[in-house]
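Close look at the chain arrangement
Now for the letters of each chain:
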Amino acid sequence: RLFTYIAIAQSGLLSKAGAVPEKRKTEKHALSNLGRGLHELFASRSYLHAPTVRLLMEICNLLCASGRAAHVADLLGAWAINDSTLGGKDKDGTKVHVIGIALELRAMHERLTASGTDASLLQAWPSLAQRDIFAQHGVFNAFVDGLIEEITGSRAGEVLPAALTQFFDWWFQGSSSGKGVLA
């Protein structure tokens, strides 16, 4: 199933906006089903966490690049990317991936806002994408602990969590703007 979703993403179909108004509802439904299917894969096997999240982020980037940022919320409907995800103990190793998704969405949100994208198109995005999640008490430490656990539990040749890339992007992007950890 994962390879089918990769083929859909690579086919270019997601780069084309539905120009016909009657097709918009179908497009929304298709993206919702795609997001649900990716979440099912993510939830089914721990070794699919990293590649599934990477594909999800690629699809979000494709939607944003094609001017359909509002549809990102449709894709993410099945994913629990909200404040309740950040609380409590991470029993199944998914929290680090969800925080990584939130970091990537936050970076996308900032790029779209800076490029003049209409703010109303981004209102349906998860709340974690609209603010700095590390400002919330304990999230940074829990994230780093989870990331270390994911990395040390990985075998040679396994895909590392996408959250690692998002974390370093957040870390260094913040330092260049004077707001980050390294500033």
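Residues numbered from 1 in each chain as written. Predicted model: local features only at pLDDT ≥ 70, side-chain atom pairs only at ≥ 80, totals over all residues. Heavy atoms only, no water.

**A look at the overall build of the chain**
Regarding its fold elements, the chain presents eight helices and zero strands. Reading the chain from its N terminus to its C terminus gives the helix and strand order α-α-α-α-α-α-α-α. Counting all 183 residues of the chain, 40% fall into the buried class. Taking the contacts inside the chain whose residues are at least 6 apart along the sequence as the reference set, 65% of them involve residues at least 24 apart. Taken as a whole, the chain presents about 10000 Å² of accessible surface, with 56% of it coming from carbon and sulfur. (Helix = DSSP H or I, 4+ residues; strand = E, 2+ residues; numbered from the N terminus. Buried < 20%, exposed > 50% of the residue type's maximum accessible area, 1.4 Å probe, protein only. Contact = heavy atoms within 4.5 Å. Areas by Shrake-Rupley, 256 points an atom, 1.4 Å probe, with all protein chains shown as cover.)

**Let's talk about the nonpolar core**
Membership of the largest hydrophobic core comes to 48 residues, with the highest contact counts inside it found for Ile59, Ile81, Leu105, Trp125 and Phe143. Those elements that provide at least two residues to this core are helix H1 (2-10), helix H2 (24-44), helix H3 (49-65), helix H4 (72-75), helix H6 (95-114), helix H7 (139-152) and helix H8 (162-176). Setting aside chain neighbours within four positions, we find Ile81 in contact with Leu76, Val98, Ile101, Ala102, Leu105, Pro126 and Leu128. (Core = buried A, V, L, I, M, F, W, Y, C linked by side-chain atoms within 4.5 Å.)

**Quick word on the packing of H3 against H6**
The relative placement of two packed helices comes down to the angle between their axes together with the axis-to-axis distance. Orientation of H3 relative to H6, taken along the N-to-C sense of each, is 15 degrees, at an axis distance of 11 Å. Taken as axis vectors, H3 and H6 run roughly parallel relative to one another. The handedness of the crossing between H3 and H6 is right-handed. Residues His49, Ala50, Val53, Leu56, Met57, Cys60, Asn61 and Cys64 of H3 pack against His97, Ile101, Glu104, Leu105, Met108, Arg111 and Leu112 of H6. Tallied by class, residues from the contact of H3 with H6 come to ten nonpolar, three polar and two charged. (Axes fitted to C-alpha atoms, helices over the stretch in contact; angles between N-to-C directions. Parallel < 35°, antiparallel > 145°, perpendicular 65-115°, else oblique. Left-handed = near helix turned anticlockwise from the far one by under 90°. Nonpolar A, V, L, I, M, F, W, Y, C, P; charged D, E, K, R; others polar.)

**Some details on the pattern of salt bridges**
Under the criterion given, the structure shown has three salt bridges. Residue Lys28 pairs with Asp74 through a salt bridge whose shortest N-O separation is 3.9 Å. Of this pair, Lys28 sits in helix H2 while Asp74 sits in helix H4; the two residues are 46 residues apart in sequence, bridging distant segments of the chain. Its relative accessible area of 46% is what places Lys28 among the partly exposed residues. A salt bridge links Arg106 to Glu110, with the nearest nitrogen and oxygen atoms 3.2 Å apart. Here Arg106 pairs with Glu110, and both are found in helix H6, just four residues apart, close to one helical turn. Exposure remark for Arg106: the relative accessible area of 22% places this residue in the partly exposed category. (Salt bridge = Lys/Arg side-chain N within 4 Å of Asp/Glu carboxyl O.)

**Description of the environment of His39**
Tracing the chain through its elements places His39 in helix H2. Between the C-alpha atom of His39 and that of Trp79, which follows or precedes it by 40 residues, the distance is 6.4 Å. With residues up to four places along the chain from it excluded, the contact list for His39 reads Ala78 and Trp79.

**Quick notes on the confidence of the model for the chain**
Scored by pLDDT, the chain has a mean of 77; 82% of the residues are at 70 or more. No element of the chain has a lower mean pLDDT than helix H5 (residues 83-86), at 64, and none a higher one than H3, at 89. (pLDDT = per-residue confidence, 0-100.)

**Some points on the packing of H6 against H7**
Between H6 and H7, the least distance of the axes is 9 Å, while the angle of their chain directions is 120 degrees. Here H6 runs over H7; the crossing is left-handed. Contacts between H6 and H7 involve Val96, His97, Ile99, Gly100 and Leu103 from the former and Val139, Phe143, Gly146, Leu147 and Glu150 from the latter. Its residues placed into classes, the contact of H6 with H7 shows six nonpolar, three polar and one charged.

**Description of H6**
For H6, built from 20 residues, the straight-helix expectation of 28 Å at 1.5 Å per residue is met to within 8% by its first-to-last C-alpha distance of 28 Å. Across the 20 residues of H6, 14 count as buried, placing the element largely inside the fold. In the segment just after H6, Gly116 is the residue with positive phi, at about 90 degrees. (Expected span 1.5 Å × (residues − 1).)

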